[in-house]
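Residues per chain are reported as follows:
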Amino acid sequence: MKRVLCLLLALLPMVGLADEAGLADLLVRIRQSGFAEFRYEETRKLELASSPWQAQGYMLSGADGRLIKLQLQPKRIIMAIAGDRMYYWDPEQKQRHAAPLGQAGQATGQITVFRSILQGHAEELQPTYDFAPEKHGKRWVLRMTPKRQSDEYAPSIEISGDEDERKRQVLIRQTDGESTEYRLIKTSEGPELEYSIQRLLLEATGD
């Protein structure tokens, strides 16, 4: 019994190193530097809705942290983050909103978390989340659980994928039981996307 206990204690540091190596590998895998465009499908499960709400469109990510969400279905809406401000534009309803990220309330955390995930800067979330990497054959999962001392409204998050680095899934579970799943596939990357980002941002801001 003592031999078994000593063996387990000896293996603990090795397990920790394996977990750290696996986490480092996944953080490198999901990192997105430069410009990128993703096609997305979004499914929200809402507490008071009898069926899931679905949407689809494109997300464009800039090298400087700008993020544009161009929803095309069920209707066209632009949501954007540029600098420390967020923007919303619904051309059908002629509704335009702009506010500092710090004044966006509970939505601020969700938006900034998603930006960090999409742009592959998950390490920015380590002060708020505990990370647990897993790999099952060709599939990998990064589970992110809010730390006890973090924001009480912080959602739990799962990022998953396989050997196809263009694809990933992001599952965000809110503390109230509601959830949002994104299925993403990278469709383009490179500085030529700067024009599309600028054009959509100008439309969102009304400039």
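First, a word on scope: everything that follows refers to the structure included in this document. (Residues numbered from 1 in each chain as written. Predicted model: local features only at pLDDT ≥ 70, side-chain atom pairs only at ≥ 80, totals over all residues. Heavy atoms only, no water.)

The helix and strand inventory of the protein chain stands at three helices and eleven strands. Secondary structure elements of the protein chain occur, N-terminal to C-terminal, as α-β-β-β-β-β-β-α-β-β-β-β-β-α. Out of the 207 residues belonging to the protein chain, those deemed buried represent 38%. In the protein chain, the share of contacts with a sequence separation of at least 24, taken over all contacts with a separation of at least 6, comes to 45%. Surface exposure of the protein chain reaches about 12200 Å², of which carbon and sulfur atoms provide 53%. (Helix = DSSP H or I, 4+ residues; strand = E, 2+ residues; numbered from the N terminus. Buried < 20%, exposed > 50% of the residue type's maximum accessible area, 1.4 Å probe, protein only. Contact = heavy atoms within 4.5 Å. Areas by Shrake-Rupley, 256 points an atom, 1.4 Å probe, with all protein chains shown as cover.)

Grouped together as the largest cluster of nonpolar side chains are 23 residues, with contacts concentrated most on Ile157 and Val170. Setting aside chain neighbours within four positions, we find Ile157 in contact with Val113, Ile117, Tyr129, Leu142, Arg143, Met144, Val170, Leu171 and Ile172. The next biggest cluster of nonpolar side chains, apart from the first, holds 14 residues, and it includes Phe35, Ile68, Leu200 and Ala204. (Core = buried A, V, L, I, M, F, W, Y, C linked by side-chain atoms within 4.5 Å.)

Turning next to the pairing of strand 5 (residues 85-90). In this sheet, strand 5 lies alongside strand 4 (residues 77-82) in antiparallel orientation, the contact comprising five bridges. Counterpart to Ala80 in the pairing with strand 5 is Tyr87. The antiparallel pairing of strand 4 with strand 5 creates a hairpin that spans two residues between the two strands, and Gly83 there sits at a positive phi of about 65 degrees. Linking strand 5 to strand 6 (residues 95-100), which pair antiparallel, is a turn of four residues; within it Lys94 sits at a positive phi near 55 degrees. (Pairing = 2+ DSSP bridges.)

Along the chain, Glu42 falls in strand 1 (residues 36-45). Separated by 3.3 Å, the side chains of Glu42 and Tyr182 make a polar contact. Residues within four places of Glu42 in sequence aside, it is in contact with Trp53, Gln54, Ala55, Lys69, Thr180, Glu181 and Tyr182. (Polar contact = N/O pair within 3.5 Å; in protein donor to acceptor, adjacent residues only side chain to side chain.)

One pass over the structure, following the stated rule, counts one aromatic pair. The ring of Trp89 is capped by Arg96, whose NZ or CZ atom sits 3.8 Å from the centre of that ring. (Phe/Tyr/Trp six-rings, centres within 6.5 Å; stacked < 30°, edge-to-face > 60°. Lys NZ or Arg CZ within 6 Å of the ring centre and 35° of its normal.)

A full pass over the atoms with the stated rule returns 14 salt bridges. Between Glu42 and Arg44 there is a salt bridge whose closest N-O contact spans 2.7 Å. On the basis of relative accessible area, Glu42 is assigned to the buried category, the value being 0%. By relative accessible area, which is 29% here, Arg44 ends up partly exposed. Across the salt bridge formed by Asp64 and Arg66, the nearest N and O atoms sit 2.9 Å from each other. When its relative accessible area of 55% is taken as the criterion, Asp64 is described as exposed. Looking at Arg66, the relative accessible area reads 12%, which means it is buried. Residues joined in a network through salt bridges with shared partners are Glu134, Arg143, Glu158 and Arg173. (Salt bridge = Lys/Arg side-chain N within 4 Å of Asp/Glu carboxyl O.)

Over its twelve residues, helix 3 (residues 194-205) extends 16 Å from the first C-alpha to the last, a length consistent with the 16 Å expected when each residue adds 1.5 Å. Those residues of helix 3 that sit buried are Glu194, Ser196, Ile197, Leu200, Leu201 and Ala204. Axial view of helix 3: buried residues confined to an arc of 160 degrees, hence all on one face. Of the surrounding secondary structure, the elements contacted by the buried residues of helix 3 are strand 2 (53-61), strand 3 (67-73), strand 4, strand 5 and strand 6. Following helix 3 by one or two positions, Gly206 has its phi on the positive side, about 80 degrees. (Expected span 1.5 Å × (residues − 1). Arc of directions from axis to C-beta.)

By themselves, these figures tell us nothing about what the structure is for.
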